[in-house]
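# Notes for the structure review
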Amino acid sequence: MKKIAIRIRVIAGIVTFMALTASARENPGVLRLTLEDALKIAMSENLTVQVADQEIQRQEYAKKGAYSALFPQISIDGSYQRTIEKQTMYMDMDVAGMSIGGIKVGRDNNWVGGVNVSMPLVSASLWKSLKISALDVELAVEKARSSRIEMIEQVTQAFYGVLLADDSYRVFKQAYENAENNYQDIKEKFEQGLVAEYDLIRADVNVRNAEPSMYGAENSLVLAHWQLKALMGIDLGIDIECTGSLAEYDRLLTKSHISMDLSLDNNSDLLQLDIQQGQMEKALGMRKAMYYPTLSAQFSYQYISMNNDFKIGHYRWDPYSTVGISLSIPIFSGGERMSNVRQTETGLRQLELQRENTERHLQVAVKQSYDRMNTCLKQYQAAKAGVKQAETGYTITMKRYETGEGTLLEINDSQLSLTQAKLNLNQSIYDYLIAESSLQKTLGNQLTVDH
């Protein structure tokens, strides 16, 4: 996993360097990004992804720690005891029936030091717990994949949001420029006495009305850039520019998605629930294994010294060693084991119901996204035809006004229709792309970043 993370960082560094080099020729200091570039950088710099990778590493260590229970446990132990009152030992009575006086035994200082070794030989519950640790790692990996899929969706939608804001700004800017050009043209005609002052005033008002929309679209573009940079995990002070426009993605709308695979086999939520169900089943087996006997081996080798002074250099140390096998057969625990088994069985049933409920909601989400794509496709086709008609109408209106047959009101109306048609076209493409990215996330696909 470390190697993969390093490779991703290297690729992201190369991509960033290439992007900076290319953009420096056209616009120094601006990072030009494609969608693929933004995703690759986010895979390396996004903090959520980094946290998920650290969780995998943490679970790997936990798994190794769990497997260590199978190996011998070796420890060096030492102890010291100071005798306050020595133990009294009594012998049996003598022939006359008289009690013999007690004898004080032991010494003031008791020193013990040695090596202790223990190892489980048969422990069913331990073996079951090791399988749970393996599933912990698998769950962490799936959660990391889920974080990446969610990050891909967020960055993709943020990138599309930048393109939408940019295209909207261009539309409003073009409308402003058209209004400005009309104003200049009418101003010249007014000075020549060809048009009334009312037309000049209306033309000036149109310019004033177009300015707020253009500035608002420009501010929305700045905010969209900030959101994308935050999701990518790069410095907000870096200037970025997203290459392309929404119109370049119209090919995605023309392709047929009728045969799209809508299976939830790769959905991360369901896969995580499946892993959790496997964990619960292993936990149930571990609970039941608590009824089984356990067998372990022990070995101890110690040196013991008992003295009445602290002249350690003159102590006499005597060895003492034991080896043995310990068998433990559970008999009665007050119903604790039975309660634990029943509790785990109930949790397993809850998890099954939760998975069924989650799958139902995901199927609804898939249908909503898919239907939304179909709706956006129809809206795109209608909007595309609307833009063509609006452009034709605007051209005709301008010709009519130049020949004196049309009015300024007709120009304003045609300009408004053209602006709205272009906005509708961009919005339909954006909505389709957003619905598709949401669908890919629900299905558990991350094909975009794998290219």
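The coordinates are above.
Residues numbered from 1 in each chain as written. Predicted model: local features only at pLDDT ≥ 70, side-chain atom pairs only at ≥ 80, totals over all residues. Heavy atoms only, no water.

Time to look at the pairing of strand β7 (residues 294–307). Here strand β5 (residues 109–122) runs beside β7; their pairing, made up of 13 bridges, is antiparallel. Of the residues in β7, the one forming a bridge with proline 120 is serine 296. In this structure, β7 lies alongside strand β8 (residues 318–328), joined through 11 bridges in antiparallel fashion. Among the inter-strand pairings, isoleucine 304 is bridged to a residue of β8, identified as aspartate 318. (Pairing = 2+ DSSP bridges. Helix = DSSP H or I, 4+ residues; strand = E, 2+ residues; numbered from the N terminus.)

Further remarks concern the packing of helix α8 (residues 336–402) against helix α9 (residues 408–443). At their nearest, the axes of α8 and α9 sit 7 Å apart, and the two run at 160 degrees to each other. Taken together, the axes of α8 and α9 lie roughly antiparallel to each other. As for how α8 packs across α9, the hand of that crossing is left-handed. Its residues placed into classes, the contact of α8 with α9 shows 24 nonpolar, 12 polar and eight charged. (Axes fitted to C-alpha atoms, helices over the stretch in contact; angles between N-to-C directions. Parallel < 35°, antiparallel > 145°, perpendicular 65-115°, else oblique. Left-handed = near helix turned anticlockwise from the far one by under 90°. Nonpolar A, V, L, I, M, F, W, Y, C, P; charged D, E, K, R; others polar.)

Our next topic: the side chain of threonine 397. Tracing the backbone shows threonine 397 in helix α8. Here the side chain of threonine 397 touches glycine 393 through a polar contact of 2.7 Å, landing on its backbone oxygen. Excluding anything up to four places from it in sequence, threonine 397 contacts Glu410, Ile411 and Ser414. (Polar contact = N/O pair within 3.5 Å; in protein donor to acceptor, adjacent residues only side chain to side chain. Contact = heavy atoms within 4.5 Å.)

Once that is clear, we can look at the environment of tyrosine 80. By the secondary structure assignment, tyrosine 80 is in strand β2 (residues 73–82). Leave out the neighbours within four places in its chain, and tyrosine 80 touches Asn109, Asn110, Trp111 and Phe310. Among the polar contacts listed, one links the side chain of tyrosine 80 to the side chain of asparagine 109, at a separation of 2.8 Å.

A word on the nonpolar core. Val155, Phe159, Tyr160, Leu228, Tyr249 and Leu433 are the most contacted members of the largest nonpolar core, which has 71 residues in total. Mapped onto this core, the elements with two or more residues apiece are β1 (30–33), α2 (35–45), α4 (124–191), α5 (197–232), β6 (239–242), α6 (250–254), α8 and α9. In terms of residues, this core owes the most to one element, α4, which gives 15 residues. Apart from residues lying up to four places away in sequence, phenylalanine 159 is in contact with Leu33, Thr34, Leu35, Ala38, Leu228, Cys242, Thr243 and Tyr249. (Core = buried A, V, L, I, M, F, W, Y, C linked by side-chain atoms within 4.5 Å. Buried < 20%, exposed > 50% of the residue type's maximum accessible area, 1.4 Å probe, protein only.)

A grouping of Phe299, Tyr301, Tyr303, Ile312, Trp317 and Val323 is seen on the molecular surface, where their side chains present a nonpolar patch of about 590 Å² in accessible area. With three residues, the top contributor of residues to the nonpolar patch is β7. Judged by its relative accessible area of 35%, tyrosine 303 is partly exposed. (Patch = residues over 30% accessible without salt bridge, like charges linked within 9 Å, V, L, I, M, F, W, Y side chains within 5 Å. Areas by Shrake-Rupley, 256 points an atom, 1.4 Å probe, with all protein chains shown as cover. Salt bridge = Lys/Arg side-chain N within 4 Å of Asp/Glu carboxyl O.)

Here the focus is the sheet that holds β8. Read across the sheet, four strands follow the order β2-β5-β7-β8 without closing on themselves; strand pairing throughout is antiparallel. Edge positions in the sheet fall to β2 and β8, since each of these pairs with one other strand and no more. Along the sheet, successive strands turn relative to each other by an average axial angle of 20 degrees, direction set aside.

Glancing now at the environment of isoleucine 275. Tracing the sequence through the fold places isoleucine 275 in helix α7 (residues 268–289). According to the relative accessible area criterion, isoleucine 275 is buried, its value standing at 8%. Considering only alpha carbons, one finds isoleucine 275 and glutamate 142, 133 residues apart in sequence, at a separation of 9.0 Å. Setting aside its immediate chain neighbours within four residues, isoleucine 275 contacts Leu135, Glu138, Leu139 and Glu142.

Turning to the packing of α7 against α8, a few remarks are in order. Running from N to C, α7 and α8 point in directions that differ by 170 degrees, and their axes come no closer than 9 Å. Relative to α8, the element α7 is oriented roughly antiparallel. For the contact of α7 with α8, the per-class residue count stands at nine nonpolar, seven polar and nine charged.

Time to look at the packing of aromatic side chains. The tally for this structure, following the rule as stated, stands at five aromatic pairs. Relative to tyrosine 249, the ring of tyrosine 160 lies with its centre 5.4 Å away and its plane at 80 degrees, an arrangement referred to as edge-to-face. Of the two residues, tyrosine 160 is situated in helix α4 and tyrosine 249 in the loop between β6 and α6; the sequence distance between them amounts to 89 residues. Across this residue pair, the class does not change: tyrosine 160 and tyrosine 249 are buried. (Phe/Tyr/Trp six-rings, centres within 6.5 Å; stacked < 30°, edge-to-face > 60°.)

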